[in-house]
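Here is what each chain is made of, one letter per residue.
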Amino acid sequence: MRDIIKKGSDMLFSGNRATIDAIRMAPPPSPLAPVNLSDPVQVHAVMDLAARIGDLLLAAGTGNSDAKAQIRGIMSAYGLRYTHVDITLNTINVYARFANDQPPTNVFRVVHQLATDFSHITEVDRLVRSIVAGATPLDLAQKILFDIETSPLPYRNRYALLSWGGFAAAVALLLGGGWAVAIVAGITTIFTVFANAWLASKSLPLFFQNILGGFAAVIPAAITFAAADALDLYMPPSLIIGSSIVALLAGLTLVQALQDGITGAPVTSAARFYETLVQTGGIITGIAAGIQTMSVIGITLPPIDTSHTSGDLGTVPIQIISGAAATVFFCGACFCERRAMAIAGLTAFIASVAFFFIQDVLGGSYVVADGAASIMIGLAGGLLSRRYMIPPQITAAAGITPFLPGLALYRGMSSLLNDQFVVGMSNLGVALTTATCLAAGVVLGEWVARRIRRPRILHRYNQLRRPKAGKRPTEQEPHLDQHGRVRQPLHWLRRQKKGSQSQWLLDRQMRDTEDEAREKAQQEGTEADTDGPDDVKY
């Protein structure tokens, strides 16, 4: 029993650290992969590399403070110490003064759009970790980043579209619906996501896309309700609409907005929070338009039924499994790795168990259960993601998706349209409180996960002790090359053999070629000037 407890504690509280934890707790004490600081071209290349990596981190949902720390860590690893990084909403401004006799250098970059695409964030995290460890020179880092930026998606968009449908179906089962409700919700979400993707390719603002999504969620629910009512079947439209709305809410940046506000970036936090409110208002507007359109046609939606369906599909085990399945489908829709899918699904399973235990066994309220579940997502997801080398923002963004208040939003909007102002505003307030509680709980759980990691020196001390017979040490020494530097990962060595080059390398080679041609021309001109008149040939 003692060995089991020890192994369990080592698995949870030891092992790898997240990249951001390693940077914050142990920044590079000296340049591990230095560059020539007297050359403005190389200094600008380092700053551009850091800004491009920060662009990818922010686009994937990394917080303001964490992105700043990783950008500074990259520049410190290459010898740039006196730097300043400023991130305001979607702009990155990097300032560096590298020599007294040289003017300072600025790099400015704009993050065009935040997207739920996690296909590149894991590779970027590994690249940052390798740069900070001193295992990747500047030229190789530029090649790897260029490969990451230009690499295609791991699988086709049709599979991501089907994953969105599976996500909505799993949320419908989580809310208590049956198989028919899940199928209708899945088909509705597939159509909505496909239509929004087509409109996004036509540069339609996201606000109008959310209006279309809210409107499209009401129409199939009303039609299937009218058909099921004629056949005496149970088809609650509220569960279909609520499941489809959760798929729209999953792409919003509420967690990042609250994280920025808690970690000391109030301007960025206020902008992101206002953006989230505006996009949520678009969804509510679409729902209202759909309900009014159906009333004009003659299909009046019934009062909202908050009870769960009877039978096996309304039981707590089915809902817990559905919550974990919804998280896995969301990871598939965001192009995550399979390992990230498994870790995020396990995190959502633990959070679902905590949610139903507090709500059903302890008798806690819905908001309190959501807060406890979000803390478990931040804690368990932080520990597991650090153990298995996965960026924590993946588990945070995917883990809270089953608990987003889609049904509360619809309930509030429907009550307002039925002249129930107090009930409607109360439900909208519950939805806003639930979303804020989810974001704050994830941030708190992440903070706790960072504080309970064991320091490395304890494991180093355990390594010095002689292990028992037949057992290996708990941690292996890092692999070093003949020069004493950390050996590069195998898949990056394969990338190095591909011969792909970034734009910085191509520009540098072109500039070197032009300099050689200019020097050769000058030498030929000097030789021609020194020739006598007898040497001139006509």
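Calculation notes
- Along each chain, the written sequence defines residue order, and numbers are assigned to residues from 1.
- Residues qualify for local features only when their pLDDT is at least 70, as the model is predicted, and side-chain atom pairs are given and counted only at 80 or more; totals for whole chains, interfaces and linings, by contrast, use all residues.
- Values shown for side chains rest on all heavy atoms present in the structure; no hydrogens or waters enter the calculation.
- Numbering of helices and strands starts at the N terminus; helices are DSSP runs of H or I of at least 4 residues and strands are runs of E of at least 2.
- In what follows, a contact means two residues having at least one pair of non-hydrogen atoms within 4.5 Å.
- The accessible surface values rely on the Shrake-Rupley method and a 1.4 Å probe; as for residues, cover is taken only from the protein chains in view.
- Think of it in three bands: residues with accessible area under 20% of the maximum for their type are buried, residues over 50% are exposed, and the middle band is partly exposed, with areas taken using a 1.4 Å probe on protein chains only.
- Strands are treated as partners if at least two bridges between them are detected by DSSP.
- What counts as a salt bridge is simple: a side-chain nitrogen of Lys or Arg found within 4 Å of a carboxyl oxygen of Asp or Glu.
- Both site types are read off a 1 Å grid over the protein atoms alone. A 1.4 Å probe that fits but cannot get out defines a cavity, while an open set with protein on both sides within 12 Å along at least five of seven lines defines a pocket; lining residues have an atom within 4 Å of a point.
- Grid points are joined across faces, edges and corners, and a volume is the space filled by probe spheres set on the points.
- Put simply, Ala, Val, Leu, Ile, Met, Phe, Trp, Tyr, Cys and Pro go in the nonpolar bin, Asp, Glu, Lys and Arg in the charged bin, and everything else, Gly too, in the polar bin.
- Domain limits in this description derive from either an automatic procedure or a database domain assignment.
- By definition, no residue in a patch forms a salt bridge, and every one has over 30% relative accessible area; like charges are joined within 9 Å, nonpolar side chains (Val, Leu, Ile, Met, Phe, Trp, Tyr) within 5 Å.
- Each helix should span, by expectation, one fewer than its residue count multiplied by 1.5 Å.
- What makes a nonpolar core is a set of buried Ala, Val, Leu, Ile, Met, Phe, Trp, Tyr and Cys residues whose side-chain atoms join them at distances within 4.5 Å.
- Here an axis means a line fitted to C-alpha atoms, over the contact stretch when the element is a helix, while the angle between two N-to-C directions is reported on a 0 to 180 degree scale.
- Handedness of a crossing follows from how the near helix is turned relative to the far one, being left-handed for an anticlockwise turn of less than a right angle and right-handed for a clockwise one.

Enquirer: Any chance you could explain the overall build of the protein here in plain terms?
Expert: Helices and strands together make up the secondary structure of the protein, namely 21 helices and three strands. Of all intrachain contacts in the protein linking residues separated by at least 6 positions in sequence, the fraction that spans at least 24 positions is 75%. Taken as a whole, the protein presents about 26,900 Å² of accessible surface, with 61% of it coming from carbon and sulfur.

Enquirer: I'm lost on the pairing of strand S2 (residues 91-96) in this one. Help?
Expert: It is a general feature of regular strands that their side chains alternate between the two faces of the sheet. Residues of S2 alternate between two faces, with Ile92, Val94 and Ala96 buried on one and Thr91, Asn93 and Tyr95 left unburied on the opposite face. Hairpin connection of strand S1 (residues 83-88) to S2: two residues between the antiparallel strands, including leucine 89 at a positive phi of 60 degrees.

Enquirer: Honestly, the pattern of salt bridges in this entry has me stumped. Any pointers?
Expert: Applying the stated criterion across every chain, the model contains six salt bridges. Aspartate 55 serves as the salt-bridge partner of arginine 109, at 3.0 Å between the closest nitrogen and oxygen. Separated by 54 residues along the polypeptide, arginine 109 in strand S3 (residues 105-110) and aspartate 55 in helix H3 (residues 40-59) bring together distant segments of the chain. By relative accessible area, arginine 109 is classed as partly exposed at 27%. The exposure class of aspartate 55 is buried, given its relative accessible area of 12%. The salt bridge involving aspartate 260 is made with arginine 272; its shortest N-O contact spans 3.4 Å. Here aspartate 260 is found in helix H11 (residues 254-262), whereas its partner arginine 272 is found in helix H12 (residues 266-297), with twelve residues between them in sequence. Assessed through its relative accessible area of 0%, aspartate 260 is described here as buried. The class for arginine 272 is buried, based on a relative accessible area of 3%.

Enquirer: Sorry, what's going on with the layout of surface pockets here?
Expert: Unoccupied space between atoms shows up once a probe the size of one water molecule is rolled over them. By volume, the second largest pocket is sized at about 1,700 Å³. Lining the second largest pocket we find 48 residues, and of these Gln113, Leu114, Ala115, Thr116 and Leu206 sit closest to its centre. Those elements giving two or more residues to the lining of the second largest pocket turn out to be H3, S3, helix H7 (157-174), helix H8 (179-201), helix H9 (206-230), helix H10 (237-249) and H12. It is H8 that provides the largest number of residues to the lining of the second largest pocket, a total of five residues. Of the residues contributing to the lining of the second largest pocket, the split by class is 26 nonpolar, 15 polar and seven charged. Inspection of the lining of the second largest pocket shows a minimum of three residues originating in each of domain 1 (15-150) and domain 2 (157-453).

Enquirer: I keep staring at a nonpolar patch on the surface and nothing clicks. Help me out?
Expert: Taken together, the side chains of Ile321, Leu346, Phe349 and Val353 present a nonpolar region at the surface, about 340 Å² in accessible area. Ranked by residues supplied to the nonpolar patch, first place goes to helix H14 (residues 338-361) with three residues.

Enquirer: What exactly am I supposed to notice about helix H5 (residues 121-132) here?
Expert: For the α-helix, the turn length of 3.6 residues means that residues three or four positions removed from each other point alike. Taking 1.5 Å of rise per residue, twelve residues should cover 16 Å, and H5 covers 17 Å from first to last C-alpha, within 8% of that figure. Within H5, ten of the twelve residues are buried, which leaves the element mostly enclosed by the surrounding structure. Of the residues making up H5, those classed as buried are Ile121, Thr122, Glu123, Val124, Asp125, Leu127, Val128, Ser130, Ile131 and Val132. Glycine 134 sits one or two positions beyond H5 and adopts a positive phi of about 85 degrees.

Enquirer: Teacher, can you tell me more about the nonpolar core here?
Expert: For soluble globular proteins, nonpolar side chains are generally found buried alongside one another. One finds Ile53, Met75, Tyr78 and Ile131 to be the most contacted residues of the largest nonpolar core, which totals 112 residues. The greatest single-element share of this core, amounting to eleven residues, is contributed by H3. Each of two domains, domain 1 (15-150) and domain 2 (157-453), supplies a minimum of three residues to this core. Setting aside residues up to four positions removed in sequence, isoleucine 53 forms contacts with Ile74, Val124, Leu127, Val128, Ile131 and Leu145.

Enquirer: Can you help me understand the environment of valine 442 in this one?
Expert: Position of valine 442 among the secondary structure elements: in helix H18 (residues 421-451). According to the relative accessible area criterion, valine 442 is buried, its value standing at 2%. A C-alpha to C-alpha distance of 8.7 Å links valine 442 and alanine 373, two positions 69 residues apart in sequence.

Enquirer: What is the right way to look at the pairing of S1 in this model?
Expert: Because side chains alternate across S1, one face comprises the buried residues Thr83, Val85 and Ile87, and the other comprises His84, Asp86 and Thr88, none of which is buried. Both S1 and S2 contribute to a ladder of six bridges, which runs antiparallel. Bridge assignment links threonine 88 to a residue of S2, and that residue is threonine 91.

Enquirer: Just checking my understanding: could you explain H7 for this structure?
Expert: With 18 residues, H7 ought to run about 26 Å at 1.5 Å a step, and its terminal C-alpha atoms sit 26 Å apart, in line with that. The buried fraction of H7 amounts to 13 of the 18 residues, a majority that puts the element mostly inside the structure. Two residues or fewer after H7 comes glycine 176, characterised by a positive phi angle close to 110 degrees.

Enquirer: Even after reading the chapter, I still don't get the packing of helix H15 (residues 366-387) against H18, so can you show me in this structure?
Expert: In helix packing, the relevant descriptors are the interaxial angle and the interaxial distance, both defined with respect to the helix axes. Where H15 meets H18, the axes come as close as 7 Å, and the angle between the chain directions of the two elements is 35 degrees. Regarding H15 and H18, the two cross each other, and that crossing is right-handed. Every residue of H18 that contacts H15 at Tyr366, Val367, Asp370, Gly371, Ser374, Ile375, Ile377, Gly378, Leu379, Gly382, Leu383 and Arg386 is listed here: Thr433, Thr434, Cys437, Leu438, Gly441, Val442, Leu444, Gly445, Glu446, Val448, Ala449 and Arg450. Taken together, the residues of the contact of H15 with H18 sort by class into twelve nonpolar, eight polar and four charged.

Enquirer: It is not clear to me how the sheet that holds S2 should be interpreted in this structure. Could you clarify?
Expert: Either a parallel or an antiparallel arrangement is found when strands of a sheet pair, and the pairing is made through backbone hydrogen bonds. Taken in spatial order, the three strands of this open sheet run S1-S2-S3, and their pairing is antiparallel. Each edge of the open sheet is held by one strand with a lone partner, namely S1 and S3. Put simply, the sheet's adjacent strands are angled 10 degrees from each other on average, direction ignored. Bridge count between S2 and S3: six bridges; the pairing is antiparallel. Counterpart to threonine 91 in the pairing with S3 is valine 110. The strands touched by helix H4 (residues 64-77) within the sheet are S1 and S2, with S1 carrying the most contacts at an inclination of about 150 degrees.

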